[in-house]
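Below, each chain spelled out in residue letters.
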Amino acid sequence: MCGLRGSFYIFSDKMNGHNLLVLYGSQTGTAQDTAERIGRQAQRKRMRVRVEALDTYNVGNLISESPVVFVCATTGQGDPPDNMKKFWRFLFRKSLPADSLSRLDCAVLGLGDSSYPKFNFVAKKLHKRLLQLGANMLLPVGLADDQHDLGPDGVIDPWLLSFWQKTLSLYPPPAGLAPLRDEDKLPPRFVFSLLDEVPNHQVEHLQRLINEAPPTSLHPFPARVVFNQRVTHPSHFQDVRHIEFDITDSNIQYNAGDVVMMRPRNAAEDIKQFCQLLRLDPECYFTLTPTDSSTAVVPARLPQPCSVHFLVEQFLDISAVPRRSFFEVLGTFATDELECEKLLEFSSAVGQDALHAYCNRPRRTALEVLADFPHTTAELSVDYLLDLFPEIQPRSFSIASSLLAHPNRIQILLAVVKYKTMLFKPRMGFCSSWLASLDPSKGEIYVPLWVKKGSLSFPEDQDTPVIMVGPGTGVAPFRSAIQERVAQGKMDNVLFFGCRSETKDFYCQSEWEEKVQAGQMTLFTAFSRDQEDKIYVQHRVRQQSKLLWDLIANKNANFYIAGNAKQMPTSVCDALKEAFQKEGGMSESQAQEMLDAIEKVRRFQSETWS
C-alpha cells in the first residue's frame, strides 16, 4: 500500500462572477509563486481565476480580458524571463494600434533586486508599454525588492491590499457569498490516482527523441560526465570543481558566452526522509488529473504514470528554503493548536520577521520544516504535493570551454556551496553539492542538460581587442572566449583575473601562462590575500589605465565583467571611469557618458550574479 490519504476540499463552484487572469514571467520560480499566491487569494475572494505563464497564454485574447495581473521578474541585464520572451516580442511590435488594449483593466507587479543596475526593468517597461496601448492601469506598478528589510513581501503585501480594494470595487464577488477563511482548504490543482500495480516497461528517465533539433528543457541531452576534478588546493576553504561533459551526437552548438542548463536531483537520504515523513511508498505509481482542466495541465516533465520516487527525486523542490506560500498551504492542514498558531503567524503579513528568523536566516529547507511540524505533516494529503512544493528549477552555468578547442565537450567551473548557520547540519548548495557528488570513476554517470544563449557576446571582427575582468569563477566565460578567439587567430585578449592566493585558487594557471608565452593573451592578476594590503582586480584595472584607454578609445576594444554582483562590478566600473578621466582628460560626468555610450552599443557588457 502507498499509505496516502484523501482530502476534503471547499470547492468554489459558486464562483461564477468575474474572471481574474494572472500572467507571470518567471526565471527562478519566485514570480510564479507570487502569481499562484494571487490566484489563491482570488479564490478566497470568490473570483474565478486562471494563472498562466505568459508564453503559454494566447496573447491575441488579451483584448477581451479583464482584469489581468502581470507578475514578472527581470533577468540578466534587464531581460525578460525565458517564459515571457514570445509575449514580449509580440507586445512590442510597432504595428500594434495605440488603442489595442483600451478595454483592458490591469496591473503590473515586478520582482527584482535593487543591487542590480536594471532593477525591475521588465516590470517598468511592461507598465509603460501597456499604457501606450491604451490599457487602464488599476494602480501604479509594484516594484518588489529582495533588498527590502522584509524582502519582496515588504512591497508585495501593501500592493496587493491596494489591488484587491480597487479590483473588488470594480468587480464585486457574487452577492451573498462570504470570502473563504485563510484556514479553509482550497481544492488542489491535481488529484492523484494510485495504481495497484507497477506499470510494465515504465521508463521514467528523460530520453531525447533522436532528431536534428538541439536539446531543450523538455528534451535535454543525457551527457556523460567525463571528469570531475577539484581545482583548488586541499587546504583552501572553497571546493571548486572543473567538470567536463561529453555531448557527442547531441546536436549542441555553442559560442563563447553561452550557458549550460541542468536540473539538480534530490539526495537519496532526503528522498528517504521525505517518504517516511509523509508515509509514502517510493515504489508506488500514480497518475495525475487536473481538478479543473480549464486552468491546469499536468506538468510535461512528469511521465504518466509516474512513480513517487521520480516525483520526489526529480520534480519536487524539497531542498529549497520554503516561501511564505508554503506555510499558507501547510497551515490549512494543521490540527495541532501550537503548530496551527505558528503556521498562521508565518503566513501572515505581521509574521514575516518571525518567518525570516526561522527560515531565511538559517536557510532551513522545506524538508526540515516538515520535520518541525510533525502533526501537520501527518495530516498532509498527497493531492497537495504540487501545490505545496515548487518544481525544481534549472540552474545555469557559464560554459568554460570552446568547441574549437574541445570538440564534443562542455566544461564548467563550479564553486561548491557549503556554509554553517545556527542549524547543526551544514547548509549545502542544492545543485553544486549534487554535481560535486557525481564520480565518473565509479561508473558511467549521465546529466540531462541543454544550452541557451548567454548575455555575453564577443566581436566577430578579427581586429577588435577584448578586455575581460573575471575574478574567481567569473573567469569561466572568458576561458571559453579566449579558447575560441585564439582558435580563430584573434590574439588581442586582455584578462584581469583575481582570487585569494596564487597557490590555492588560481584557476587555469598553466593554461594562461602557456597562452601568455605564445603571445595569445595579456594577463594581469590580483591575489587579494598574498600580501598585507588586499589587492583586487579593480586595483589592477586602475594601474593599467594607459593601456585600457588606448585599447578602448583608439582601438575600439570591448570591455567585459563577469563575477559576483556585490561590490566588484561597481568598483571595476569606477576604476574604468577613473582611467577615462586620467588618460582622456575627462570630467566625472564625461567619463560616465562615455561608459554609457559604449554600453549602449554593447562594447561594455557584464554578467553578474548574487
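Residues numbered from 1 in each chain as written. Predicted model: local features only at pLDDT ≥ 70, side-chain atom pairs only at ≥ 80, totals over all residues. Heavy atoms only, no water.

(A) Molecular detail of the overall build of the protein. Along its length, the protein carries 19 helices and 22 strands. The C-alpha atoms of the protein give 26 Å as radius of gyration, which agrees with the globular expectation for 610 residues (25 Å, within 12%). Seen through its principal axes, the protein has C-alpha atoms that stretch 75 × 60 × 50 Å. Buried positions account for 52% of the 610 residues belonging to the protein. Contacts spanning at least 24 positions in sequence make up 77% of the contacts within the protein whose residues lie at least 6 apart. Put simply, the protein shows about 28,400 Å² of open surface, and 50% of that area lies on carbon and sulfur atoms. Averaging the positions of the 66 positive and the 72 negative side-chain charges in the protein gives two centres separated by 3 Å. (Helix = DSSP H or I, 4+ residues; strand = E, 2+ residues; numbered from the N terminus. Rg over C-alpha atoms; globule rule 2.2 N^0.38 Å. Buried < 20%, exposed > 50% of the residue type's maximum accessible area, 1.4 Å probe, protein only. Contact = heavy atoms within 4.5 Å. Areas by Shrake-Rupley, 256 points an atom, 1.4 Å probe, with all protein chains shown as cover. Lys, Arg positive; Asp, Glu negative; His and termini not counted. Charge placed at Lys NZ, Arg CZ, Asp CG, Glu CD.)

(B) Examining helix α9 (residues 352–360) more closely. Within α9 the residues assigned to the buried category are Q352, L355, Y358 and C359. With its buried residues spanning 125° around the axis, α9 presents them on a single face. Buried residues along α9 sit in contact with α4 (153–170), α7 (324–331), α8 (337–346) and α10 (366–372). (Arc of directions from axis to C-beta.)

(C) Fine view of the packing of aromatic side chains. Tallied over the full model, the rule gives 22 aromatic pairs. Look at F192 and F286: their rings are 4.6 Å apart centre to centre, the planes differ by 35°, and that puts the pair in the tilted class. Taken together, the residues F192 in strand β7 (residues 190–195) and F286 in strand β11 (residues 285–290) connect sequence positions 94 residues apart. Like F286, F192 is buried. Relative to Y358, the ring of F327 has its centre 6.4 Å away and its plane inclined at 75°; by these criteria the two rings are edge-to-face. In this pair, F327 sits in helix α7 while Y358 sits in helix α9, placing the two residues 31 residues apart along the sequence. Since its relative accessible area comes to 0%, F327 is described here as buried. (Phe/Tyr/Trp six-rings, centres within 6.5 Å; stacked < 30°, edge-to-face > 60°.)

(D) View of the sheet that holds β11. Taken in spatial order, the three strands make up an open sheet running β7-β11-β12, and their pairing is antiparallel. Whereas interior strands pair on both sides, the edge strands pair on one side only; in this sheet they are β7 and β12 (306–307). Pairing geometry for β11 and β12, over two bridges, is antiparallel. Note that in β12 the partner of Y285 across the bridge is S307. (Pairing = 2+ DSSP bridges.)

(E) Quick look at the pairing of strand β21 (residues 558–564). Burial analysis of β21 places six of its seven residues in the buried class, the great majority of the element. Sheet topology places strand β18 (residues 466–469) next to β21; four bridges connect them, and they run parallel. Paired with M468 across the strands is Y560, a residue of β21. Bridge analysis of β21 against strand β22 (residues 604–609) gives six bridges, and the strand direction is parallel. If you follow A562 over to β22, its bridge partner there is E607.

(F) Representation of the nonpolar core. Counting 43 residues, the largest nonpolar core has F274, L311, L385, L386 and F389 as its most contacted members. Those residues in contact with L386, other than ones at most four positions away along the chain, are R189, F190, F192, L288, P299, L302, L311, F315 and L316. (Core = buried A, V, L, I, M, F, W, Y, C linked by side-chain atoms within 4.5 Å.)

(G) Representation of unusual backbone geometry. P67 follows S66 through a cis peptide bond whose omega is -10°. Looking at the element boundaries, P67 is found in the loop between β2 (48–53) and β3 (68–73). The omega angle of the peptide bond from Q304 to P305 is -5°, so this bond is cis rather than trans. With respect to the element layout, P305 can be found in the loop between β11 and β12. Although it is not a glycine, C508 adopts a positive phi angle of roughly 60°. As for its position among the elements, C508 is in the loop between β19 (493–499) and α15 (509–517). The phi dihedral of N556 falls on the positive side, at around 55°, and the residue is not glycine. Inspection of the secondary structure assignment puts N556 in the loop between α17 (545–554) and β21.

(H) Molecular detail of the pattern of salt bridges. Applying the stated criterion across every chain yields a total of 31 salt bridges. Here E52 ties to R50 by a salt bridge, and the two come within 3.8 Å at their closest N and O atoms. The partly exposed category is assigned to R50, whose relative accessible area is 26%. R324 is the salt-bridge partner of D157, the closest N and O atoms lying 2.7 Å from each other. Residue D157 is located in helix α4, and its partner R324 is located in helix α7; the two are separated by 167 residues in the primary sequence. Accessibility expressed as a relative area gives 13% for D157, which makes it buried. A residue is classified by how much of its surface remains accessible, and R324, at 9% relative accessible area, is buried. (Salt bridge = Lys/Arg side-chain N within 4 Å of Asp/Glu carboxyl O.)

(I) Local environment of the environment of A436. Within the secondary structure, A436 sits in helix α13 (residues 430–436). Overall, A436 belongs to the buried group, its relative accessible area being 16%. For the pair formed by A436 and Q147, sequence separation is 289 residues and the distance between their alpha carbons is 30 Å. Among all residues touching A436, those that are not within four sequence positions of it are N228, R241, L414 and V416.

(J) Representation of the sheet that holds strand β10 (residues 259–262) in the model. The sheet built from six strands is open, its strands ordered β13-β10-β17-β8-β9-β14 with antiparallel pairing. Of all the strands in the sheet, just β13 (395–398) and β14 (409–415) have a single pairing partner and so form its edges. Taken over all neighbouring pairs, the strand axes of this sheet differ in orientation by 40° on average, direction set aside. Taken together, the seven bridges between strand β9 (residues 240–246) and β14 define a ladder with antiparallel strand orientation. Bridging across to β14, H242 finds its partner in L413. (Axes fitted to C-alpha atoms, helices over the stretch in contact; angles between N-to-C directions.)

(K) How the structure looks around the confidence of the model for the protein. The predicted model of the protein averages 91 in pLDDT, with 94% of residues at 70 or higher. Low pLDDT (under 50) marks residues 1–16, which in the prediction has 50 contacts with non-local residues, meaning those over four places away or in another chain. Every residue in residues 203–210 is under pLDDT 50, and counting partners more than four places away or in other chains gives 16 contacts. (pLDDT = per-residue confidence, 0-100.)

(L) Molecular detail of helix α14 (residues 476–487). Between its first and last C-alpha, α14 extends 17 Å over 12 residues, near the 16 Å set by a 1.5 Å rise per residue. Burial analysis of α14 places 11 of its 12 residues in the buried class, the great majority of the element. Residues A476, P477, F478, R479, S480, A481, I482, Q483, E484, R485 and V486 constitute the buried set of α14. Positive phi appears at G489, one or two residues downstream of α14, with a value of about 80°. (Expected span 1.5 Å × (residues − 1).)

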